[in-house]
Amino acid sequence: MPKSHTSFWITAFLIAAGVDLLFWRKPLGVSFPLWTLLAMGGALVLARREGQRPARATLGLGVIILGLAFLPFWRAEPFTQAVGVLLTLIGLMFWVATLRTGDWLHYTLWDDLRALAVLGFAAITRPFRRPPAEEDTPPAPAGAVFWRRGGAILRGVALALPVVGVLALLLASADLVFAARLQAMLDALRLERLPETLFRLFYVGVLTILFCGTLLHAVHPTWAVCPTAADQGIIAPFLGWVETAIVLGSVNALFLFFVILQFRYLFGGQANIHAAGFTYAEYARRGFGELVVVALISLGLILVLHTLSRRETPLHRYGFIVLSGLLVVLVLVILASAWQRLSLYEQAYGFTRLRTYAHLFIPWLGLALLVILGLLLTHQMRRVAAAALLWGLGFGLLVGLWNVDGWVVRQNVQRAVSGQELDGDYLQTLSADAVPELIRQAQRPAVPAAAREALLIGLACRATQAQPVVTPWPAFHLSKARAAQDLTRYAALWQAYKVESGAEGRFVERNGVRLFCRTGGGWD
């Protein structure tokens, strides 16, 4: 146990103050990886100071977390940023909860829930528990302690104020930038901004308490969550083998019938679909979302039945593996059908962010099914929780490495090369991640003239878009900085397209027609 909470309080305050300094009214940028480094570094420094050694498995998890933390700084596409932030915070909770033990690798799903619950309880209660050294020492009278410490603080402030004031005035006279920053700090103390200042002080105080408890639990856990033994579970299995076999067999029969139809119609070509009374596009665009949900439900069904069913004989155990394995194989075919439908839909109607998310998620879900199949065959289903955590973190890294907006640009321009119409307005709504690919595609000789003009008009609109005069350094963003640099470097490409402003917004006029600039855009 720590002899004093002082170092934990100081570290927690620094992490909490980092939240306010880096994120208050600032867009995401380099701030998020810096704060993640601050939080993880603070915990590691405290562990070293207290003579505690982090587990290797937890340090390995930390490397993955840092990679995810850099996504909001590297990519400007909103879904990628959201996934990076969410998965980083989830990973940090498991990293903190198992800093010394590395038991996250051996936890079951029930252990994961218990570890998070214990972490939350510790974050709230641990800061207010006195360490043993303080408990063994008779406490001094409350009034004496207050006046002794309070008097020292007041004397220190009284001595520091005139000295700091004189030196600040001299430095402000010597440097205009310092004077401007000092004036901004003094402006924060104005009465009209007092509610905001008080609110910021309040949430920094609350975060300090929570972070202090979290750090204490990470370095000196008092409520250990040990991995559940292999022969234990949350609920004792109560479902008989007959009931389990009927459920799995029925679902397999249903899926087998569906798969046969898929091979005849979707995988069999356009002729069979036309014979059934549907166009290829109509058949393709229906149901790929539902098929993904079916795959997720099937995955959950295997996990639930594995937990609740009794498999008392070797025949029962191998029977469960066979039926579950068949279910996984059939679901993989269903996912292939969903992938095929989505690909046909994209070919017919173009690529968007939302379709690209599904484009990435479907094969990643297939990987999860293969992992479950492997765990079933090797009798290692208790490792599902660790596999799920790594699977989720891995998906976040995949989305970040993929560059969703750049992919959307590349695929839609390729459709234009094949004779399809290019939706230049939609491409304008993409983030700064798309700019390098937009410039690259605009210079391709194979791109049709109409599509090239749409790309160049969009780039001209981006190049003339108003930018903030001063960007706070925590909001510095790698993708946005690169986009701004490329828009300046290649400005000659779109100099023929003059952007004008009118009552309805900015536009480029071509052949008497106003083509308006588009901004914004969500996850679709």
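All values reported here derive from a predicted model rather than from experimental measurement.

Caption draft 1: Fine view of the pairing of strand 1 (residues 499-502). Of the strand pairs in this sheet, strand 1 and strand 2 (residues 505-510) are connected by four bridges, and their pairing is antiparallel. Note on strand 2: the bridge partner recorded for Val-499 is Val-508. Between strand 1 and the antiparallel strand that follows it, strand 2, lie two residues.

Caption draft 2: Representation of the state of the cysteines within the structure. Applying the stated criterion to the full structure yields one disulfide. The disulfide bridge from Cys-461 ends at Cys-517, spanning 2.0 Å between sulfur atoms. As the torsion about the S-S bond is roughly -70°, the Cys-461-Cys-517 disulfide counts as left-handed. Taken together, the residues Cys-461 in helix 21 (residues 449-463) and Cys-517 in the segment after strand 3 (513-516) connect sequence positions 56 residues apart. On the accessibility criterion, Cys-517 (13% relative accessible area) is buried.

Caption draft 3: Representation of the side chain of Arg-75 within the structure. Tracing the sequence through the fold places Arg-75 in the loop between helix 4 (71-74) and helix 5 (78-97). Buried and without a salt bridge, Arg-75 has Asp-433 as its closest oppositely charged side chain, separated by 4.8 Å. Here Arg-75 is in contact with Thr-80, Gln-81, Gly-400, Leu-401, Asn-403, Asp-433, His-477 and Ser-479, once residues within four sequence places are set aside.

Caption draft 4: How the structure looks around the sheet that holds strand 1. The strand order across the open sheet built from three strands is 1-2-3, with neighbouring strands paired in antiparallel fashion. Since the sheet does not close on itself, it has two edges, and those belong to strand 1 and strand 3, each with one partner. Going across the sheet, the axis of each strand differs from the next one's by a mean of 45°, ignoring polarity. Along the sheet face, helix 21 touches strand 1, strand 2 and strand 3 and points at about 145° away from the line of strand 2.

Caption draft 5: Just the pattern of salt bridges, in detail. Counted under the stated rule, the structure contains twelve salt bridges. Between Arg-410 and Glu-437 there is a salt bridge, with the nearest N and O atoms lying 3.2 Å from each other. You can see Arg-410 sitting in helix 18 (residues 404-417) and its partner Glu-437 sitting in helix 20 (residues 435-442), a full 27 residues away along the chain. With relative accessibility at 32%, the residue Arg-410 sits in the partly exposed group. The structure contains a network of salt bridges with shared partners spanning Asp-20, Arg-25, Glu-196 and Arg-200.

Caption draft 6: Broad picture of the packing of helix 15 (residues 314-349) against helix 16 (residues 353-377). Remark: helix 15 packs on helix 16, axes separated minimally by 10 Å, with the N-to-C direction vectors making an angle of 170°. By the angle between their axes, helix 15 is roughly antiparallel relative to helix 16. Here the residues of the contact of helix 15 with helix 16 sort into 20 nonpolar, six polar and two charged.

Caption draft 7: Region of the structure containing the nonpolar core. Trp-35, Trp-95, Leu-427, Leu-459 and Trp-494 are the most contacted members of the largest nonpolar core, which totals 75 residues. For Leu-459, the contacting residues outside a window of four places in its chain are Leu-438, Ile-439, Ala-442, Leu-487 and Trp-494. Formed by 32 residues, the second largest nonpolar core is a distinct cluster that contains Val-251, Val-259, Val-328 and Leu-373.

Procedures and definitions
- Residues numbered from 1 in each chain as written.
- Predicted model: local features only at pLDDT ≥ 70, side-chain atom pairs only at ≥ 80, totals over all residues.
- Heavy atoms only, no water.
- Pairing = 2+ DSSP bridges.
- Helix = DSSP H or I, 4+ residues; strand = E, 2+ residues; numbered from the N terminus.
- Disulfide = S-S within 2.5 Å.
- Buried < 20%, exposed > 50% of the residue type's maximum accessible area, 1.4 Å probe, protein only.
- Lys, Arg positive; Asp, Glu negative; His and termini not counted.
- Salt bridge = Lys/Arg side-chain N within 4 Å of Asp/Glu carboxyl O.
- Contact = heavy atoms within 4.5 Å.
- Axes fitted to C-alpha atoms, helices over the stretch in contact; angles between N-to-C directions.
- Parallel < 35°, antiparallel > 145°, perpendicular 65-115°, else oblique.
- Nonpolar A, V, L, I, M, F, W, Y, C, P; charged D, E, K, R; others polar.
- Core = buried A, V, L, I, M, F, W, Y, C linked by side-chain atoms within 4.5 Å.

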